[in-house]
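# Topology and contacts: notes
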Amino acid sequence: MTLIRRIDAGAWPPQNEGFVFRDWIKGRHAGQTLIEFYTSVHPASANLSQWEVRIRNGQVAVNDVEAVEPTRVLRVGDVVSYRRLPWVEPPSPCHVDVVYEDADMVALSKPSGLQVLPAAMFHQRTVLSLLRRRQYLDVPAPVHRLGRGTSGCGAAALAALISSAPASGSGCQLPLRKFYRALVQGRVKADQGRVDVPIGPIPHPGVDRGLFAATPDGKPAASVWRAGCMEAECTLMEVEILTGRPHQIRIHMAAMGHPLVGDPLYGAGGRPKVRYRLYGSDCGYYLHSLELHLPHPITGQPL
């Protein structure tokens, strides 16, 4: 990849600006009180007494009106919002490299440790924030979303495309081919192979919606791999993912008995390690996005 320019924040501010988290009340939560809703839907964010303090401090609103009574009863269609006060985000790189750009899209190379989109502890220290600093159009839409601990190539369609390009929960619907290099534990005996193991969320302590893992109840997921050089008790793998499930390579390599070197979360079998808690530290594994093949979102030219 050829470096065109580096977008560098220099240094992140000591604290972010806080964030407002919104929930829309549906039938199954109608009739609950505010405190019942938050403690049942977001138990990992705070315990009962902490949620009560936040409500009474005026950090919670219903339909944009401050609600300070924990016993306020919710109705279908209510919008409840929690205003989290500014916090110190975990250490993170503050730069991203541009390797291709035109009026419609930008391709980037990001370092390990940099979050792509706001989530969990990271709402300021993100690739999206850096792109906005560069004064790209309002909202770049991710075409290829990398995990925080994954380095390498990703792409974004610029905002002018959002109204014309079909979208999904993972960005624009473009036919992509994605190749990675992964350093896995152990010596892989076969030269090449394929992993077909479903991936879906499973319950995990401290995570409201669970963690993605190998599970028979998950969605189909497929990866093809080729073993490269081996050294000591490690193997360098080239992996192409045919589907785009969260943490797919980490889960699939672990499911075949070869977790990524340094992976703090996934052990053999593709399941989270017992009692492992994230707390913003889900990095340390060796995974690099090597190549991204896609048609240009406007011209269709292969890139």
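Shown above is the structure to which this text applies.
Residues numbered from 1 in each chain as written. Predicted model: local features only at pLDDT ≥ 70, side-chain atom pairs only at ≥ 80, totals over all residues. Heavy atoms only, no water.

### A few points about the environment of Asp 263
For clarity, the cut-off: Helical segments are the DSSP runs of H or I of at least four residues, strand segments are the runs of E of at least two, and each set is numbered from the N terminus. Whether two residues are in contact is decided by their heavy atoms: any pair within 4.5 Å suffices. In protein, a polar contact requires one atom able to donate a hydrogen and another able to accept it; more generally it is a pair of N or O atoms within 3.5 Å, and residues adjacent in sequence count only if both atoms are side-chain atoms.
Assignment of secondary structure puts Asp 263 in the loop between α4 (248-255) and β18 (266-267). Taking the C-alpha atoms as reference, Asp 263 lies 9.7 Å from Leu 287; in sequence the two are 24 residues apart. Those residues within four positions of Asp 263 in sequence are excluded, and the remaining contacts are Arg 250, Lys 273 and Tyr 285. In this structure the side chain of Asp 263 is engaged in a polar contact, spanning 3.3 Å, whose partner is the backbone nitrogen of Tyr 266.

### Concerning the packing of aromatic side chains
The criterion, for reference: Any pair of Phe, Tyr and Trp rings, taking the six-membered ring for Trp, is counted once the centres come within 6.5 Å. Such a pair is stacked with planes under 30 degrees apart, edge-to-face with planes over 60 apart, and tilted for the rest. Only protein chains enter the calculation, and the probe is 1.4 Å; a residue is then buried if its accessible area is under 20% of its type maximum, exposed if over 50%, and partly exposed in between. Charge-over-ring placement is defined geometrically: NZ (Lys) or CZ (Arg) within 6 Å of the ring centre, and within 35 degrees of the ring normal.
The tally for this structure, following the rule as stated, stands at five aromatic pairs. The interplanar angle of 20° and the centroid separation of 6.2 Å between the aromatic rings of Phe 21 and Tyr 82 together place this pair among those described as stacked. Placement of the pair is Phe 21 in strand β2 (residues 19-24) and Tyr 82 in strand β5 (residues 79-84), with a sequence separation of 61 residues. Residue class for Phe 21 comes out partly exposed when judged on its relative accessible area of 28%. Look at Phe 37 and Tyr 38: their rings are 5.3 Å apart centre to centre, the planes differ by 75°, and that puts the pair in the edge-to-face class. The same class applies to Phe 37 as to Tyr 38, namely buried. An aromatic cluster is defined as three or more aromatic residues linked by ring pairs; in this entry it consists of Phe 19, Phe 21, Phe 37, Tyr 38, Trp 51 and Tyr 82. It is Arg 54 that lies over the ring of Trp 51; its NZ or CZ is 4.7 Å from the centre. Of note, Arg 84 hangs over the ring of Trp 87, and the distance from its end group to the ring centre comes to 3.8 Å.

### A look at the pattern of salt bridges
Operational definition: Any carboxyl oxygen of Asp or Glu within 4 Å of a side-chain nitrogen of Lys or Arg constitutes a salt bridge here.
In the structure shown here, the tally under the stated rule is seven salt bridges. The shortest N-O distance in the salt bridge between Glu 240 and Arg 177 comes to 2.8 Å. Of this pair, Glu 240 sits in strand β17 (residues 234-241) while Arg 177 is found in strand β12 (residues 177-185), placing the two residues 63 residues apart along the sequence. For Arg 177, a relative accessible area of 44% puts it in the partly exposed group. The shortest N-O distance in the salt bridge between Asp 263 and Arg 250 comes to 2.8 Å. In this pair, Asp 263 is assigned in the loop between α4 and β18 and Arg 250 in helix α4, connecting sequence segments 13 residues apart. You'll find Asp 263 and Arg 250 in the same group, each marked buried.

### Side note on the nonpolar core
Most often, soluble globular proteins keep nonpolar side chains buried together rather than apart. Threshold: The term nonpolar core refers to a set of buried residues drawn from Ala, Val, Leu, Ile, Met, Phe, Trp, Tyr and Cys, joined through side-chain atoms within 4.5 Å.
Membership of the largest hydrophobic core comes to 32 residues, with the highest contact counts inside it found for Trp 225, Met 237, Ile 249, Met 253 and Leu 260. Only β6 (95-101), β7 (105-110), α3 (127-133), β12, β16 (222-231), β17 and α4 provide two or more residues apiece to this core. Here this core gets four residues from one element, more than from any other, and that element is α3. Of all hydrophobic cores here, the second largest spans 14 residues; its members include Ile 25, Ile 35, Phe 37 and Tyr 38.

### Some words on the side chain of Glu 89
Stated formally: The sign given to each residue is positive for Lys and Arg and negative for Asp and Glu; His and the chain ends receive no count.
You can see Glu 89 is positioned in the loop between β5 and β6. Of the side chains bearing the opposite charge, Arg 125 lies closest to the buried Glu 89, which forms no salt bridge; the N-O distance is 4.4 Å. Of the polar contacts made by the side chain of Glu 89, one reaches the backbone nitrogen of His 123; its length is 2.9 Å. A distance of 3.0 Å separates a polar side-chain atom of Glu 89 from the backbone nitrogen of Arg 125.

### Some remarks on the sheet that holds strand β3 (residues 60-62)
Formally: The criterion for strand pairing is that DSSP finds at least two bridges linking the strands in question. Orientation is described by lines fitted to C-alpha atoms, with helices fitted over the stretch in contact, and by angles between N-to-C directions that extend from 0 to 180 degrees.
Strands sit in the order β2-β5-β3-β4 across an open sheet of four strands; the sheet is antiparallel. Single-partner strands in this sheet number two, and they are β2 and β4 (65-66). On the sheet, helix α1 (residues 34-41) packs against β2, β3 and β5 and is oriented at approximately 70° with respect to β5.

### Describing the environment of Gln 192
Tracing the backbone shows Gln 192 in strand β13 (residues 192-196). Using a relative accessible area of 58% as the deciding quantity, one classes Gln 192 as exposed. Sequence separation between Gln 192 and Glu 238 is 46 residues; the distance between their C-alpha atoms is 9.3 Å. Aside from chain neighbours lying at most four places away, what touches Gln 192 is Trp 225 and Arg 226.

What is shown is where atoms sit, not what they do.
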